[in-house]
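# Survey of secondary and tertiary structure
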Amino acid sequence: MASGGGIQIPSRLPLLLTHEGVLLPGSTVRLSVDSPRNMHLVSQRLLKGTSLKSTIIGVIPNTRDPEHDTDDLPTLHKIGTAGIAVQVVGSNWPKPHYTLLITGLCRFRVSSLLTERPFVLAEVEQLDKLEQYTTTAAAEAVAAEGGDLGELSQKFYQAAVQLLGMLDMSVPVVAKFRRLLDSLPRETLPDVVASMIRTSNKEKLQVLDAVSLEERFKKALPMLTRQIEGLKLLQKTRKMSPDNEKRVLSVRKGGVFPGRQFNLDEEDEDDDGDDTATLERKVHGANMPEAALRVCLKELKRLKKMPQSMPEYALTRNYLDLMVELPWSKSTKDCLDIRAARTLLDNDHYAMDKLKRRVLEYLAVRQLKTSLKGPILCFVGPPGVGKTSVGRSIARTLGREFHRIALGGVCDQSDIRGHRRTYVGSMPGRIINGLKTVALNNPVFLLDEVDKLGKSLQGDPAAALLEVLDPEQNHSFTDHYLNVAFDLSQVLFIATANTTATIPPALLDRMEVLQVPGYTQEEKVEIAHRHLIPNQLEQHGLTPQQLHIPQETTQDIISSYTREAGVRSLERKIGAICRAVAVKVAEGHRFTKTETPENSSRQEDKAAPPELPIVIDHIALKDILGPPLFEMEVSERLTLPGVALGLAWTPLGGEIMFVEASRMEGEGQLTLTGQLGDVMKESAHLAISWLRANAKTYQLTNVVGSPDPLEGTDIHLHFPAGAVTKDGPSAGVTIVTCLASLFSGQLVRSDVAMTGEITLRGLVLPVGGIKDKVLAAHRAGVKRVIIPKRNEKDLEELPANVRADLDFVTAGNLDEVLNASFEGGFPGTSGTHPQLTSKL
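Residues numbered from 1 in each chain as written. Predicted model: local features only at pLDDT ≥ 70, side-chain atom pairs only at ≥ 80, totals over all residues. Heavy atoms only, no water.

## Brief notes about the overall build of the chain
A tally of helices and strands in the chain yields 27 helices and 26 strands. Scored against the burial criterion, the 840 residues of the chain give a buried share of 46%. By sequence separation, contacts in the chain at least 24 residues apart represent 73% of the contacts at least 6 residues apart. Within the structure as shown, the chain displays about 41,800 Å² of accessible surface, and the carbon and sulfur contribution to it stands at 51%. (Helix = DSSP H or I, 4+ residues; strand = E, 2+ residues; numbered from the N terminus. Buried < 20%, exposed > 50% of the residue type's maximum accessible area, 1.4 Å probe, protein only. Contact = heavy atoms within 4.5 Å. Areas by Shrake-Rupley, 256 points an atom, 1.4 Å probe, with all protein chains shown as cover.)

## Some details on the nonpolar core
Judged by nonpolar contacts, the single largest core of 50 residues is most densely connected at Leu465 and Phe493. Those elements giving two or more residues to this core turn out to be helix H8 (272-285), helix H9 (290-305), helix H10 (311-325), strand S9 (376-380), helix H15 (430-438), strand S11 (444-448), helix H16 (461-468) and strand S14 (492-497). Looking at which element gives the most residues to this core, the answer is H10, with six residues. (Core = buried A, V, L, I, M, F, W, Y, C linked by side-chain atoms within 4.5 Å.)

## Here's the deal with the packing of aromatic side chains
This model, assessed by the stated rule, comprises four aromatic pairs. The interplanar angle of 50° and the centroid separation of 4.9 Å between the aromatic rings of Trp328 and Phe486 together place this pair among those described as tilted. Placement of the pair is Trp328 in the loop between H10 and helix H11 (338-348) and Phe486 in strand S13 (residues 485-486), with a sequence separation of 158 residues. Over the face of the ring belonging to Tyr157 we find Arg186, whose NZ or CZ atom lies 4.3 Å from the ring centre. Against the face of Tyr319 rests Arg421, its NZ or CZ located 3.8 Å from the ring centre. (Phe/Tyr/Trp six-rings, centres within 6.5 Å; stacked < 30°, edge-to-face > 60°. Lys NZ or Arg CZ within 6 Å of the ring centre and 35° of its normal.)

## Digging into the packing of helix H24 (residues 732-744) against helix H27 (residues 814-821)
Interaxial distance between H24 and H27 falls to 10 Å at its minimum, and their mutual angle equals 60°. By the angle between their directions, the pair H24 and H27 is classed as oblique. Considering how the two elements wind past one another, H24 and H27 form a crossing that is right-handed. Only Leu814, Val817, Leu818 and Ser821 of H27 make contact with H24, whose side of the interface consists of Val733, Val736, Thr737 and Ala740. Along the lines of polarity and charge, the residues of the contact of H24 with H27 split into six nonpolar, two polar and no charged. (Axes fitted to C-alpha atoms, helices over the stretch in contact; angles between N-to-C directions. Parallel < 35°, antiparallel > 145°, perpendicular 65-115°, else oblique. Left-handed = near helix turned anticlockwise from the far one by under 90°. Nonpolar A, V, L, I, M, F, W, Y, C, P; charged D, E, K, R; others polar.)

## Comments concerning the packing of helix H12 (residues 353-368) against helix H13 (residues 387-398)
Helix-helix packing is described using two parameters, namely the angle between the two axes and the distance between the axes. Interhelical geometry of H12 versus H13 gives an angle of 25° and a closest axis separation of 12 Å. The pairing of H12 with H13 is recorded here as roughly parallel in orientation. The interaxial crossing formed by H12 with H13 has right-handed handedness. Here Leu355, Val359, Tyr362 and Leu363 of H12 come into contact with H13, specifically with Val390, Ile394, Thr397 and Leu398. Split into classes, the residues belonging to the contact of H12 with H13 amount to seven nonpolar, one polar and no charged.

## A short note on unusual backbone geometry
A cis amide bond links Trp93 to the next residue, Pro94, at an omega of 0°. Among the structural elements, Pro94 can be located in the loop between strand S6 (79-91) and strand S7 (97-115). Going from Arg117 to Pro118, the amide bond is cis rather than trans, its omega being 0°. The phi angle at Glu449 is positive, at roughly 55°, despite the residue not being glycine. When you line up the elements, Glu449 lands in the loop between S11 and H16. By relative accessible area, Glu449 is classed as partly exposed at 26%.

## Examining the pattern of salt bridges
By the definition in use, this model includes 31 salt bridges. Among the ionic pairs, Asp334 bridges to Arg366, the shortest N-O distance being 2.6 Å. You can see Asp334 sitting in the loop between H10 and H11 and its partner Arg366 sitting in helix H12, a full 32 residues away along the chain. Judged by its relative accessible area of 9%, Asp334 is buried. For Arg366, a relative accessible area of 11% puts it in the buried group. Among the salt bridges present, the one from Asp751 reaches Arg749, with a minimum N-O distance of 3.1 Å. Overall, the relative accessible area of 16% leaves Arg749 in the buried class. (Salt bridge = Lys/Arg side-chain N within 4 Å of Asp/Glu carboxyl O.)

## Some thoughts on the sheet that holds S11
Taken in spatial order, the five strands of this open sheet run S10-S11-S14-S9-S15, and their pairing is parallel. Each edge of the open sheet is held by one strand with a lone partner, namely strand S10 (402-406) and strand S15 (512-515). Within this sheet the neighbouring strands show an average axis-to-axis angle of 20°, counted without direction. Sitting on the sheet, H12 touches S9 and S15, and the angle it makes with S15 is about 145°. Along the sheet, H15 contacts S10, S11 and S14; its crossing angle with S10, the most-contacted strand, is approximately 155°. (Pairing = 2+ DSSP bridges.)

## Looking at H16
Within an α-helix, residues lying three or four positions from one another point in the same direction, as the helix has 3.6 residues per turn. Within H16, six of the eight residues are buried, which leaves it mostly tucked inside the rest of the structure. Listed in full, the buried residues belonging to H16 are Pro461, Ala462, Ala464, Leu465, Glu467 and Val468. Of the residues that open H16, the one with a side-chain oxygen 3.1 Å from the backbone nitrogen of Ala462 is Asp460. (Polar contact = N/O pair within 3.5 Å; in protein donor to acceptor, adjacent residues only side chain to side chain.)

## So, the environment of Met427
Structurally, the position occupied by Met427 is in the loop between helix H14 (414-417) and H15. Taking C-alpha positions, Met427 is 9.0 Å from Tyr319, a pair spaced 108 residues apart along the chain. Met427 has contacts with Gly418, His419, Asn433 and Tyr481, leaving out every residue within four places of it along the chain.

## Looking at the pairing of S6
Two strands pair when backbone bridges link them, and strand S5 (residues 56-60) and S6 are joined in this way by four bridges, in the antiparallel orientation. Counterpart to Gly58 in the pairing with S6 is Ala82. With twelve bridges joining them, S6 and S7 adopt antiparallel strand pairing. Within S7, the residue paired with Val89 across the bridge is Thr99.

## Quick look at the confidence of the model for the chain
On average, residues of the chain carry a pLDDT of 83, and 87% of them reach 70 or more. Segment residues 594-606: pLDDT under 50, and five contacts once partners within four positions in sequence are set aside and those in other chains are kept. (pLDDT = per-residue confidence, 0-100.)

In structure tokens:
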């Protein structure tokens, strides 16, 4: 590169064809390379070269490289820039390409092309002297300046200094530009400044094509003057404060000194000083506690010292906006009129006496004591009984805002407590977000499906709820994002769940559990005619004058087409009836509109519009909903010995459950089918052992008449339906009754259902879910229900009509169970078995 004539570039250079920008001597640009010839140049010349000479390439501007190697090479721009590749970065996304960082050295002219493939290689003629970048050559050039060239050089230098004076010197790139301006020779300034300021590629090409220094100054000076005038105009239009007058960066994007490009059409931004002052007034006016106010003022002080370009500026601003928007002291006044509250609750919901009584108790205590903490209630019951809707009614009764938080499937504790502000994309938890949404500090929060919370590596949200739902702690709830205490004691929390089995004991202990059982058939009829039918008529555009559903039809829908604890399926069936009637009504309207006196004779053979109102009887019900889905099959299933009817509890409500047994000759094995759990299997073994121990007393025999029921006999117990998993101790008395019927050959009464746990001594122990089980028996048409003696207290929760319809037998031991299960009693149960008492 060095010779007697000065520093020279190689006479043969590989050419990089680019159309993205113009590389000027003394500037550095990034160029993306993805075309075939350019890719070959990088891979075969730059990446495989080992000398400094191999990193020097020629950049030809304003020339697009063909997409394929076979395409003809376009006409090349005659003047290019020799540059040194400082950095090469490769990537395969979204397609294979290289990114080059190239610093321009000097101009050259293409003399002739040597090769076109795999990349372009040309014979070049150097036009600039590389010595101009050395201090000695710079001093000689300055001394040699004179006449018009010296005047142009001085004018250009003064304009560059004036531009620097309009920029913020605290920005590092501007300070670096100042140092370069003092150290670079004057003849390099046109190229360096033209590469920085906002100019078009066409103007840069004019500077590149200006081979003589005087012409170069004449081309670049108008660009610099235009930039200065634009900045002056921008400062006037922005009306900036004295502190911010010099915060204008107009250096070229992607150039040597990256910054924001100058744009005269840029919208006028809010004055940062005034904006901060407004935020400070909001902080003082938010009426927040002293601790929160200190934190906000500290963050506000930091915000004033930050430049807006810092990422932390937006984070701090968002934090302060949230703190200002939170309802630290905003609340609504409760409506404490108990009579009006009772009327509103009765109008919204039928039955649910326990829930209504609890709300009225809260209102009564609020009348006597104004500073009462909000209760934390948990409504537990099967789906469709109105747990969520009664929470909304409670909010309307109290005159409070209502906010629902769905917790089903939540498995990250940050959803409750929020993220720490050190994380990217951090945000407050759902509790604080809900308070921000309602803008009041005493709303009704419904925590829906609290029994379906998950757990993962991100923490346990159920454990995070412990602080929220603890009356002794939630007056100072600390969200990770806020990092200051917020008072939740005035919030009325209502949680809903289908079962308490999956709720952690510590969380369940903090809530007041109110059971919401399923509805009886009479209650469903009332709910349908008070709420469901009017609601469905309104949704389908019908009126009571067009559709009438008698109570008998509603009872048929409930008993034959739905079997559930709630009323969701019932509402869907009523909606299906409304849709069918809407079709008839719409066809009738079309018929009456198209009928005219001329064509009335032709319409006689067609169906006339329906008579209104359309009454739905059992025939119309079958036409619309199809054949009945459920039938009263209890009496039909109990026609053979070895079948008994039990009662089971599920999260969807109570259900009846058949137990079937059969025996055959074998080796005394017991087979259990029906997807049974361990507890249920143990109950079956208990029943077999107790019956074998008391076989003589109850005259039980095997197939051949032996007193041991299992001798030479295999027993098979089955619990339909086989696809449903079953577990629990409640089927103990049912299994004993089923096997006793099998061994004795007697039929179990077809109108008897039972539940209870057994022991090896023949005692009947209490079980849970009595109300749901009894309601299921009542729906199935059972007349007699056998329950443990210690569950007699649970009968008080049953509706009066259910207690009147059913015959309850409370059993303390299996003798009483067997005696009540068979018509006329069971052999051997009439005698009493005196209990032995210890005399020790």
